[in-house]
Amino acid sequence: RASLGVGVLICVAITVIGLPYYVADTGVRLRSDLHAWLKPSGWVGQSLGIVAFLLFAFLWLYPLRKRVRALRFTGPLGRWLDVHIVAGLLAPVFGAVHAGWRFQGIIGLGYACMLTVSLSGIVGRYLYSHLPRSREGLELSRDEVERRIAAMAGQISAAVGESPEQVREALRGSIRDDRTTRGTFRVLSTLIAGDLARWRSRRRLRALWAGRPGIDRQTLALAVRLADRHTALTQQTRVVEATRRLFGYWHVAHLPIAVTGLVAVTIHVVVVVALGVTWFG
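Since the model is a prediction, treat every value here as computed from it, not as a measurement.

**Thoughts on the nonpolar core**
Within the largest apolar cluster, 19 residues are counted, with the highest numbers of intra-cluster contacts made by I156, V160, L171, L205, W209 and A227. Of all the elements in the fold, those that place two or more residues in this core are α9 (142–160), α10 (164–172), α11 (184–210) and α12 (217–238). Dropping the residues within four chain positions of it, W209 is found in contact with I156, V160, E162, A170, L171, I215, L220, A223, V224 and A227. If you look at the next biggest cluster of nonpolar residues, it comprises 18 residues, including Y21, L90, A91 and V265.

**Things to note about the side chain of E162**
Relative to the helices and strands, E162 is located in the loop between α9 and α10. The exposure class of E162 is buried, given its relative accessible area of 10%. With residues up to four places along the chain from it excluded, the contact list for E162 reads S157, V167, W209 and R212.

**Focus: the packing of aromatic side chains**
Overall, the coordinates contain 5 aromatic pairs when judged by the stated rule. Ring geometry for F247 and W250: centres 5.4 Å apart, planes at 5°, overall stacked. Residue F247 and its partner W250 are both found in helix α13 (residues 240–275); the two are separated by 3 residues, about one turn of the helix. Among the aromatic residues, those joined into a cluster by ring pairs are Y128, F247 and W250.

**A word on the pattern of salt bridges**
Between side chains of opposite charge, a pair can form as their charged atoms come close. Summed over the entire model, instances satisfying the criterion amount to 5 salt bridges. Note that D228 and R198 form a salt bridge whose closest N and O atoms lie 3.0 Å from each other. With D228 in helix α12 and R198 in helix α11, the pair connects residues that are 30 residues apart, well separated along the chain. Salt-bridge contacts for R244 lead to E241; the nearest nitrogen and oxygen are separated by 2.8 Å. Highlighted residues: R244 and E241, both in helix α13, separated by 3 residues, approximately one helical turn. For R244, a relative accessible area of 32% puts it in the partly exposed group.

**Quick word on the environment of K39**
Tracing the backbone through its elements, the reader meets K39 in the loop between α4 (35–38) and α5 (43–58). Looking at K39, the relative accessible area reads 26%, which means it is partly exposed. A C-alpha to C-alpha distance of 6.3 Å links K39 and G100, two positions 61 residues apart in sequence. Those residues in contact with K39 that lie beyond four places of it in its chain are Y21, L34, G45, Q46 and H98.

**Quick word on the environment of R172**
Tracing the backbone shows R172 in helix α10. We classify R172 as partly exposed; its relative accessible area is 49%. When the C-alpha positions of R172 and W199 are compared, they lie 14 Å apart, and in sequence the two are 27 residues distant.

**Topic: the packing of α9 against α12**
Where α9 contacts α12, the two axes come as close as 9 Å, and the packing angle between them is 155°. Taken together, the axis directions place α9 and α12 in an arrangement best described as roughly antiparallel. Seen along the crossing, α9 lies across α12 with a hand that is left-handed. Judged by residue contacts, R142, V145, R148, I149, M152, A153, Q155, I156, A159 and V160 of α9 engage T219, A223, L226, A227, R229, H230, L233, T234 and T237 from α12. For the contact of α9 with α12, a count of residues per class yields 11 nonpolar, 5 polar and 3 charged.

**Digging into unusual backbone geometry**
For W101, which is not glycine, the phi torsion reads 60° and is therefore positive. Here W101 shows up in the loop between α7 (77–98) and α8 (105–129). The exposure class of W101 is partly exposed, given its relative accessible area of 41%.

**What about the side chain of H35?**
Mapping H35 onto the fold places it in helix α4. With relative accessibility at 18%, the residue H35 sits in the buried group. Within the local environment of H35, its side chain forms a polar contact with the backbone oxygen of R29, the two atoms lying 3.4 Å apart. Sequence-distant contacts of H35, that is, excluding residues within four places in its chain, are made with Y21, R29 and L30.

What counts and what doesn't
- Along every chain, residues carry numbers that run from 1 in the direction the sequence is written.
- Per-residue local features of the predicted model are confined to residues with pLDDT of at least 70, and side-chain atom pairs are confined, for both listing and counting, to 80 or more; whole-chain, interface and lining totals are unaffected and use all residues.
- The basis for every side-chain value is the complete set of heavy atoms in the structure, and neither hydrogens nor water enter the calculation.
- Residues enter a nonpolar core if they are buried and are Ala, Val, Leu, Ile, Met, Phe, Trp, Tyr or Cys, with the set joined through side-chain atoms within 4.5 Å.
- Categorising residues by exposure relies on relative accessible area from a 1.4 Å probe, with only protein chains included: less than 20% of the type maximum marks a residue as buried, more than 50% marks it as exposed, and the intermediate range marks it as partly exposed.
- Only DSSP runs of H or I reaching four residues or more are called helices, and only runs of E reaching two or more are called strands; each is numbered from the N terminus.
- Contacts were defined at the residue level, with two residues in contact if any of their heavy atoms lie within 4.5 Å.
- Only centres within 6.5 Å qualify two rings of Phe, Tyr or Trp (six-membered ring in Trp) as a pair; their planes then separate them into stacked at under 30 degrees, edge-to-face at over 60, and tilted for everything else.
- Think of a salt bridge as a Lys or Arg side-chain nitrogen and an Asp or Glu carboxyl oxygen that are within 4 Å of each other.
- Axis geometry follows a simple rule: fit a line to the C-alpha atoms, using only the stretch in contact for helices, then measure angles between N-to-C directions, giving values from 0 to 180 degrees.
- Roughly parallel means an angle under 35 degrees; roughly antiparallel means over 145; roughly perpendicular covers 65 to 115; every other angle is labelled oblique.
- Each crossing is labelled by how the near helix is turned from the far one, with a counterclockwise turn of less than a right angle marking it left-handed and a clockwise turn marking it right-handed.
- When residues are sorted by character, Ala, Val, Leu, Ile, Met, Phe, Trp, Tyr, Cys and Pro go into the nonpolar class, Asp, Glu, Lys and Arg into the charged class, and all the rest, Gly among them, into the polar class.
- In the analysis that follows, any N or O atom pair within 3.5 Å is treated as a polar contact, provided that within protein one partner can donate a hydrogen and the other can accept it, and provided that, for residues neighboring in sequence, both atoms belong to side chains.

Shape is all these values report; function is a separate question.
Here is the structure:
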């Protein structure tokens, strides 16, 4: 997240400084003192383009990490996914500044694909987060989910000093009884509605348990956090098949766009280097 913020801040700063250049017509740009720096083949412009290309190419290491077991030593899938998302969000930002905020020809196609991949990645991350998984990123079986739910209910009971029955009753109002399995938008709306219900539930449970004797702020925060995770897992198991199917559809649509973008951007880079239109050539 810090890397994402720093990257966006750098691009915003360059855009603000170079705004007179970016909004100018082509003829005015050519005569600008900033042209040597901010043009796509300039010192700043092309440096950002190199970073954008490296980030876009790096995105393909995540699927490789998922499929090659020998790469487990590089870290858990969850951490790889976080880095993958940051790279996917930063690539079009750097690419836009590299292009001088003008997109024409094959680079326009590449950028459109890059941006589409980035935006669709946000949707994919949302769906991914609604499939029950361990910290290592491996999907949990139904039995594992049920054991975790039961264990968390016991931890909440011990934290707030209530019986398991009272805890289940308190949590029951937090769980939507919607088992929709048909329709893309229907499934998405179910997931979003469940998240909103959990957000309201956190406030309700915090107010409910805050007045219990012997519960300090740290214990209360732990109980609410456990309750939120308990509710999330319960909701996820109710629509897990629909979410998994929707995630599969997303993969089918996501991959061709990503491949098209990679091919277009690679052709652009090869042509630029072959023609020597670089500050390092």
